[in-house]
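# Structure at a glance
Next come the chains, spelled out residue by residue.
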Amino acid sequence: MAKAIFLPVKALAFNYLIDAGPLVALLDGSDHWHRWSSSTLTALDEPRLATTETALAEACHLLSFRRSAVQAIIEMVSAGVMIPIPTLAQESQRVGQLLKKYPHMDMGDATLVVLSEHYPRARLLTIDRRDFTVYRRKDGTAVPCIMPPI
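Bear in mind that the values here come from a model prediction, so they are computed numbers and not experimental data. (Residues numbered from 1 in each chain as written. Predicted model: local features only at pLDDT ≥ 70, side-chain atom pairs only at ≥ 80, totals over all residues. Heavy atoms only, no water.)

Turning next to the side chain of R137. Mapped onto the elements, R137 comes out in the loop between α8 (129-132) and β5 (145-146). One buried charged residue, R137, remains without a salt bridge, the closest side chain of opposite sign being D139 at 4.3 Å. A polar contact is formed between the side chain of R137 and the side chain of S116, at a distance of 2.8 Å. Those residues in contact with R137 that lie beyond four places of it in its chain are R94, V113, S116, E117, P120, A142, V143 and P144. (Helix = DSSP H or I, 4+ residues; strand = E, 2+ residues; numbered from the N terminus. Buried < 20%, exposed > 50% of the residue type's maximum accessible area, 1.4 Å probe, protein only. Lys, Arg positive; Asp, Glu negative; His and termini not counted. Salt bridge = Lys/Arg side-chain N within 4 Å of Asp/Glu carboxyl O. Polar contact = N/O pair within 3.5 Å; in protein donor to acceptor, adjacent residues only side chain to side chain. Contact = heavy atoms within 4.5 Å.)

A word on the packing of helix α1 (residues 20-27) against helix α2 (residues 34-43). Viewed as axis vectors pointing N to C, α1 and α2 meet at an angle of 100°, and their least axial separation amounts to 8 Å. It follows that α1 is roughly perpendicular to α2 by the angle criterion. Where α1 abuts α2, its residues P22, L23, A25 and L26 lie against H34, W36, S37, S38 and L41. Partitioning the contact of α1 with α2 into residue classes produces 6 nonpolar, 3 polar and no charged. (Axes fitted to C-alpha atoms, helices over the stretch in contact; angles between N-to-C directions. Parallel < 35°, antiparallel > 145°, perpendicular 65-115°, else oblique. Nonpolar A, V, L, I, M, F, W, Y, C, P; charged D, E, K, R; others polar.)

Glancing now at the packing of aromatic side chains. According to the stated counting rule, one finds 3 aromatic pairs in the structure shown. Three or more aromatic residues link up through ring pairs in this structure, and these residues are Y102, F132 and Y135. (Phe/Tyr/Trp six-rings, centres within 6.5 Å; stacked < 30°, edge-to-face > 60°.)

As a further point, take the environment of V70. Inspection of the secondary structure assignment puts V70 in helix α4 (residues 67-78). Its relative accessible area of 15% is what places V70 among the buried residues. Each C-alpha atom, one on V70 and one on L56, is 9.6 Å from the other, the two residues being 14 residues apart in sequence. Apart from residues lying up to four places away in sequence, V70 is in contact with C60, L63 and S64.

So, on to α2. Restricting attention to buried positions, one finds in α2 the residues W36, S37, T40 and L41. Take α2 and look down its axis: the buried residues cluster within an arc of 115°, on one side only. More than 90 degrees from the buried face of α2, the exposed residues found are R35, T42 and A43. (Arc of directions from axis to C-beta.)

For R48, the location among the structural elements is in the loop between α2 and β2 (49-52). Residues R48 and G80 lie 32 residues apart in sequence; the distance between their C-alpha atoms is 6.9 Å. There is a polar contact of 2.7 Å between the side chain of R48 and the backbone oxygen of A13. Looking at R48, its side chain comes within polar contact range of the side chain of E46, at 3.3 Å.

On to the pairing of β2, then. Neither face of β2 is left uncovered, since the one carrying L49 and T51 and the one carrying A50 and T52 both have all their residues buried. Note that β2 and strand β3 (residues 82-85) share 4 bridges and pair parallel. Note on β3: the bridge partner recorded for T51 is P84. (Pairing = 2+ DSSP bridges.)

Right, let's talk about the confidence of the model for the protein chain for a bit. Confidence in the prediction for the protein chain averages 91 pLDDT; 92% of positions are at 70 or higher. Here residues 1-5 is a poorly scored stretch, pLDDT under 50, and it has 4 contacts once near neighbours within four places are set aside; other chains count. (pLDDT = per-residue confidence, 0-100.)

Right under this line is the structure:
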């Protein structure tokens, strides 16, 4: 089977990646981080967000009690506002390395670290400060993140 290839950065560059947490918070008005997520996403200078299919699945699972929120995610993807990238299928070996290195890491976070390795200038929107201050990309650098204030 031929290995799928990420689109070159010049062909499809992203300024921002998004984790499941801010997406859930945006679509669930009762979430603790709703206000931060809403104001941060509104202030972005880029209309497109990249994420992984794994992170999207996590967000949909967390929002499964709100069918309208899951539908909103589908509409964002359909409108091209959110671009899901099938990172696990393309980089399963690297995802496995990260999961082995960080035993507390979940697969969604691992796929986002890998996506960050492919789009190193993009900043990740996440509420997961505890983990993303620890994780490192293959080159040893931290994933550049936008997080709520402490």
